There are 2 protein chains.
Amino acid sequence: MDLLLRNVRPLGGAAVDVEVRGGRIHALHPGLDPGSMPVIDGAGALLLPGLIESHTHLDKTLWGLPWYVNEVGPRLEDRIANERRFRADSGHDAGAQALKLAREFLAQGTTRLRTHVDIDTEAGLKHLHGVLATRAALRDEMEIQLVAFPQSGLLARPGTAELLDEALRLGADVLGGLDPQAIDGDAAASLDLLFAIATKHGKPIDIHLHEGGEEGARTLDLLLDRTQALGFAGRVAVSHCFCLGDVAFARRAQLLERMARLQVAIITTGTASRPVPPLKECVQAGVLVAAGNDGIRDAWTPYGRPDMLERAMLLGLRNNLRRDDEIALAFDAVTSAAACACGFSDYGLAVGCRADFVLVEAQNIAEAVVARPPRRLVVSLAKVVAQNPATIEGSTTGA
Amino acid sequence: MDLLLRNVRPLGGAAVDVEVRGGRIHALHPGLDPGSMPVIDGAGALLLPGLIESHTHLDKTLWGLPWYVNEVGPRLEDRIANERRFRADSGHDAGAQALKLAREFLAQGTTRLRTHVDIDTEAGLKHLHGVLATRAALRDEMEIQLVAFPQSGLLARPGTAELLDEALRLGADVLGGLDPQAIDGDAAASLDLLFAIATKHGKPIDIHLHEGGEEGARTLDLLLDRTQALGFAGRVAVSHCFCLGDVAFARRAQLLERMARLQVAIITTGTASRPVPPLKECVQAGVLVAAGNDGIRDAWTPYGRPDMLERAMLLGLRNNLRRDDEIALAFDAVTSAAACACGFSDYGLAVGCRADFVLVEAQNIAEAVVARPPRRLVVSLAKVVAQNPATIEGSTTGA
């Protein structure tokens, strides 16, 4: 759909009109002539690129269902077992739940999203089929990447490798992994298998690394060794990467230097309750940092909201980012840096980029992150997917 | 104002009607007869007691003003100096700003609030007069406690003690303090002076303690010594108390044991970027933990929202509270525990309590904290102070 968006301030800059033509930003200039295009009046609001969720688990969410009373034990193993039990009991419909939450993300301005999808020898590919259906249903409205994610481990559960292989054949975009040492018990062998599957399919890797301290750092070293040796530079992301939060400065600097050189990205949630990769230090070392919510309202955690401005705010709080120029780093983690980390193309507010953007009432980026204002307008894949009439000052008219 | 609130679920329990008479909760039972009282239909929503903000700085806020571009340096001293400079330049109106933010707190269900008010030899009692006027203006709508707070230090700035003395004489409810070692340079002497002023006026103490690790623990010991020796048990609160987050377990246990015995409360913001008192451990040791936002949208920090459910959520994230029974602890910190810590009386949802309550659409307390739903109805001092028609299913009618 072609349209002219009048009087908006891209990233807080001077007011311009934005012409959308053929699915892209065709022109970005004050005083554009709409010709016969429909016009939306932006009333001087702040224009942001479509927001990006880099790490969530759509298939797990209980969004929109009655409140799930959480009585789960404290260990990772408790949570994995509890979820498996819950699913067996509840007949959880991963595809329908994924669709609900994805639509909510879209309404809040997230136009591209990477979701991990549980694959294990118990559930098989059931979740994958559900989320593939969700992706298909939303094909014209948002871009969804699927990560084939071995939630119960890879070596730990024989038969999982074959399922991951099949998942990539069926259309998963990225190969996932989980704690090669802590869960699989043999980081080198686990990573060898992971890279072999990714190599076979020519797919990038996004691995959950919860392992802390030196245990995690050793796994990260092994991961970087393989990234380098097997030519995976620029195609590996490490989710959480908690170990970077609690190794000593010199060790972290050494790991970050390798990550920067091999273009290995960090995807963080900015977890408030444990050490996390320090955002400024990582960015200053040249490492891409993207952000995600992780699970939202599921059997693991009750928290989370499908709002990437709120996630940026939490990242800001976690990293004590108070200056406007620091808050911009948190914003990057849900926009530009996320696009690079996940490999989303044609991203941004420049001429030629895909027409994905969000309009909010705020002075600038820092205020948008801190205040998380209602989304006035969301355009995704050049389509108006959400419009909040209550907050729109202007009007939609054909010229 | 007398009224009957029909069909609400106190704290998630069975549905009842609530009769408000003579400013108090007169009855709490299903099927009450309204007689000639006005009736509000609660439509089965969740009834919460009025929320409590235990630590904020109303006088500092820039709420409702154009975005303040923060370019401040990283140290505490930078922030104090920056704020002083900003105020001199901007003609900041502490009273008017306090009023704006207090009203927003009230609209979000906060019916009682403790605010620290800057007092130093530069600003004198200007902020105090402003916030006293705000308190008077809102006298019939919410309860505000003022803490006379020496933001630039006590010993560090001769003349401050006299100003604090005068502030308490003029109506400040609580004596504040700030880092007796780190700022004043002599914890024992600073605390002696603080307790002398509090004793003279018979007022409780609420001291900011940012000092970390063993430095803070030593100050805390000195504070507890004086609390015990001077008969201040039950009348001292320590705000932030960061040291409890980074001393070893045994040292913390020893401090907590003394705090519990002397009924010294902790008031925390659940700061995500540094060690904080671990909520569950403190509560299990028998120490009261209340929560506050600290400053909101000011020259120190851009963050914060006058919503105590959001503050409880942040406390939950910081302390990794996932189970419903754990999230209840975060909720306590903005309700019952806060009332005890600050000495707000007649608090709660029982018969005889002051009629302060909030209605939200949620299944239970955990969902209210996590989802932070819009406030349907806020009753404070038996007065309907906020009502959101868009979310009210029922209607307000005279019987």
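Residues numbered from 1 in each chain as written. Chains lettered and ligands numbered in written order. Predicted model: local features only at pLDDT ≥ 70, side-chain atom pairs only at ≥ 80, totals over all residues. Heavy atoms only, no water.

Next up on the list: empty space enclosed by the protein. Under the definition given, this model contains six cavities of 30 Å³ or more. Approximately 70 Å³ is the volume attributed to the largest cavity. Residue lining of the largest cavity: Asn-293, Tyr-303, Gly-304, Arg-305, Glu-310, Arg-311 and Leu-314 of chain A together with Met-313, Leu-317, Val-370 and Arg-372 of chain B, and that is the complete set. Of all the secondary-structure elements, those providing two or more residues to the lining of the largest cavity are α10 (308–318) of chain A together with α10 (308–318) of chain B. When its residues are assigned to classes, the lining of the largest cavity shows five nonpolar, two polar and four charged. (1 Å grid on protein atoms, 1.4 Å probe; cavity = no way out; pocket = protein on both sides within 12 Å on 5 of 7 lines; lining within 4 Å. Points joined across faces, edges and corners; volume = space filled by probe spheres on them. Helix = DSSP H or I, 4+ residues; strand = E, 2+ residues; numbered from the N terminus. Nonpolar A, V, L, I, M, F, W, Y, C, P; charged D, E, K, R; others polar.)

Time to look at the interface of chain A and chain B. Listed per partner, the contact involves 36 residues of chain A and 36 residues of chain B. When the two sides are added together, the surface that chain A and chain B hide from each other amounts to roughly 3300 Å², 53% of it contributed by carbon and sulfur. The three residues of chain A that bury the most area against chain B are Trp-67, Tyr-303 and Arg-322 of chain A, which together make up 25% of that side's buried surface. On inspection of chain A and its partner chain B, the count reaches two salt bridges. In this structure, Arg-372 of chain B and Glu-310 of chain A form a salt bridge, with 2.8 Å as the shortest nitrogen-oxygen distance. For the pair chain A and chain B, the interface holds 18 residue pairs in polar contact (both at pLDDT 80 or more). Elements with a contribution of two residues or more to the side of chain A that touches chain B: α10, α11 (324–332) and α13 (365–371) of chain A. Ranked by residues supplied to the side of chain A that touches chain B, first place goes to α10 of chain A with six residues. (Contact = heavy atoms within 4.5 Å. Buried area = accessible area lost by both parts, 1.4 Å probe. Salt bridge = Lys/Arg side-chain N within 4 Å of Asp/Glu carboxyl O. Polar contact = N/O pair within 3.5 Å; in protein donor to acceptor, adjacent residues only side chain to side chain.)

Turning our eyes to something else, we now look at the nonpolar core. Ranked by size, the top nonpolar core spans 171 residues in total, and within it Leu-220 and Met-259 of chain A together with Leu-220 and Met-259 of chain B carry the most contacts. Once residues lying within four places of it in the same chain are set aside, the contact partners of Met-259 of chain A are Leu-220, Leu-224, Val-238, Cys-241, Leu-244, Val-264, Ala-265, Ile-266 and Val-287 of chain A. (Core = buried A, V, L, I, M, F, W, Y, C linked by side-chain atoms within 4.5 Å. Buried < 20%, exposed > 50% of the residue type's maximum accessible area, 1.4 Å probe, protein only.)

Bringing the layout of surface pockets into the picture now. When its volume is computed, the second largest pocket comes out at roughly 1000 Å³. Along the walls of the second largest pocket sit 41 residues, with Ala-371, Arg-372, Pro-373 and Pro-374 of chain A together with Arg-305 of chain B positioned nearest its centre. Elements with a contribution of two residues or more to the lining of the second largest pocket: α13 of chain A together with α2 (94–107) of chain B. Among the elements that take part in the lining of the second largest pocket, α13 of chain A stands out by supplying three residues, more than any other. Considering only residue class, the lining of the second largest pocket consists of 17 nonpolar, nine polar and 15 charged.

Once that is clear, we can look at helix α6 (residues 213–229) of chain B. Between the first and last C-alpha of α6 of chain B there are 24 Å, a value that for 17 residues agrees with the 24 Å anticipated at 1.5 Å per step. Of the residues trailing α6 of chain B, Gly-231 of chain B is marked for its positive phi of about 70 degrees. (Expected span 1.5 Å × (residues − 1).)

UniProt's entry tags residues 39–385 of chain A with the feature "domain: Amidohydrolase" (unreviewed entry), counted in the numbering of this structure. As a span, residues 39–385 of chain A carries 41% helix and 20% strand, and end to end its C-alpha atoms are 15 Å apart. (UniProt positions renumbered as here; feature names shortened; annotations may be inferred.)

Okay, the domain arrangement of chain A next. Residue and element names in this part refer to chain A. One can read the domain layout of chain A as domain 1 (3–49 + 348–398) and domain 2 (51–342). Counting residues at the interface gives 22 residues for domain 1 and 22 residues for domain 2. Of the roughly 1800 Å² buried at the junction of domain 1 and domain 2 (both faces included), carbon and sulfur atoms supply 64%. The largest contributions to the domain 1 side of the interface with domain 2 come from Val-369, Arg-372 and Arg-375, which together make up 31% of the buried area. Linking domain 1 with domain 2 are four salt bridges. (Domains from an automatic or database assignment.)

This next bit is on the side chain of Glu-211 of chain B. Residue and element names in this part refer to chain B. Assignment of secondary structure puts Glu-211 in the loop between β9 (205–208) and α6. No salt bridge is formed by the buried Glu-211; its nearest oppositely charged neighbour, Arg-218, is found at 7.9 Å. A distance of 2.7 Å separates the side chain of Glu-211 from the backbone nitrogen of Gln-181, its partner in a polar contact. There is a polar contact of 2.8 Å between the side chain of Glu-211 and the backbone nitrogen of Ala-182. Residues within four places of Glu-211 in sequence aside, it is in contact with Asp-179, Pro-180, Gln-181, Ala-182, Gly-216, Thr-219, Phe-242 and Cys-243. (Lys, Arg positive; Asp, Glu negative; His and termini not counted.)

A word on the packing of helix α4 (residues 160–170) of chain A against helix α5 (residues 187–201) of chain A. Residue and element names in this part refer to chain A. At a closest axis distance of 10 Å, the pairing of α4 and α5 adopts a crossing angle of 25 degrees. In terms of orientation, α4 lies roughly parallel with respect to α5. Pair α4 / α5 crosses with right-handed handedness. Here α4 contributes Ala-161, Leu-164, Asp-165, Leu-168 and Arg-169 to the contact with α5, which in turn contributes Leu-193, Ile-197, Lys-200 and His-201. (Axes fitted to C-alpha atoms, helices over the stretch in contact; angles between N-to-C directions. Parallel < 35°, antiparallel > 145°, perpendicular 65-115°, else oblique. Left-handed = near helix turned anticlockwise from the far one by under 90°.)

Another aspect to go through is the relation of the copies chain A and chain B. The two copies are related by a screw operation: chain A maps onto chain B through 180 degrees of rotation and 0.0 Å of translation along the axis, at an RMSD of 0.0 Å. Such a turn and shift between the copies fits a two-fold axis. Ranked by how close their C-alpha atoms come to the rotation axis, the residues of chain A are headed by Ala-272 of chain A, at 2.5 Å. Interface residue correspondence from chain A to chain B reaches 100%, placing this contact among same-surface, isologous pairings. (Least-squares fit on C-alpha atoms with pLDDT ≥ 70 in both.)

Take the packing of aromatic side chains next. Working definition: an aromatic ring pair is given by the centre-to-centre distance plus the angle between the planes. The final tally for this structure, using the stated rule, is four aromatic pairs over all chains. Note on Tyr-68 of chain A and Phe-86 of chain A: the rings are 5.0 Å apart at their centroids and 65 degrees apart in plane angle, and the pair reads as edge-to-face. Within this pair, whereas Tyr-68 of chain A is found in the loop between β5 (51–56) and α1 (76–90), its partner Phe-86 of chain A is found in helix α1, the two being separated by 18 residues in sequence. Their ring planes at 85 degrees and their centres at 5.1 Å tell us that Phe-195 of chain B and Phe-232 of chain B sit as a pair that is edge-to-face. A residue pair is termed long-range when its members are at least 10 positions apart, and Phe-195 of chain B in helix α5 (residues 187–201) and Phe-232 of chain B in the loop between α6 and β10 (236–239) qualify at 37 residues. Note on Phe-195 of chain B: relative accessible area 1%, which makes it buried. (Phe/Tyr/Trp six-rings, centres within 6.5 Å; stacked < 30°, edge-to-face > 60°.)

Right, let's talk about the sheet that holds strand β7 (residues 143–149) of chain A for a bit. All names here are of chain A. The eight strands are arranged β5-β6-β7-β8-β9-β10-β11-β12 in an open sheet whose pairing can be described as parallel. Edge positions in the open sheet fall to β5 and β12 (289–291), since each of these has one partner strand only. Strand-to-strand twist of the sheet, defined as the mean angle between neighbouring strand axes without regard to direction, takes the value 25 degrees. Bridge count between strand β10 (residues 236–240) and strand β11 (residues 265–268): three bridges; the pairing is parallel. Its bridge partner lying in β11, Ser-239 is registered against Ile-267. Running over the sheet, helix α2 (residues 94–107) touches β5, β6 (110–118) and β7 and is turned about 155 degrees from β6. (Pairing = 2+ DSSP bridges.)

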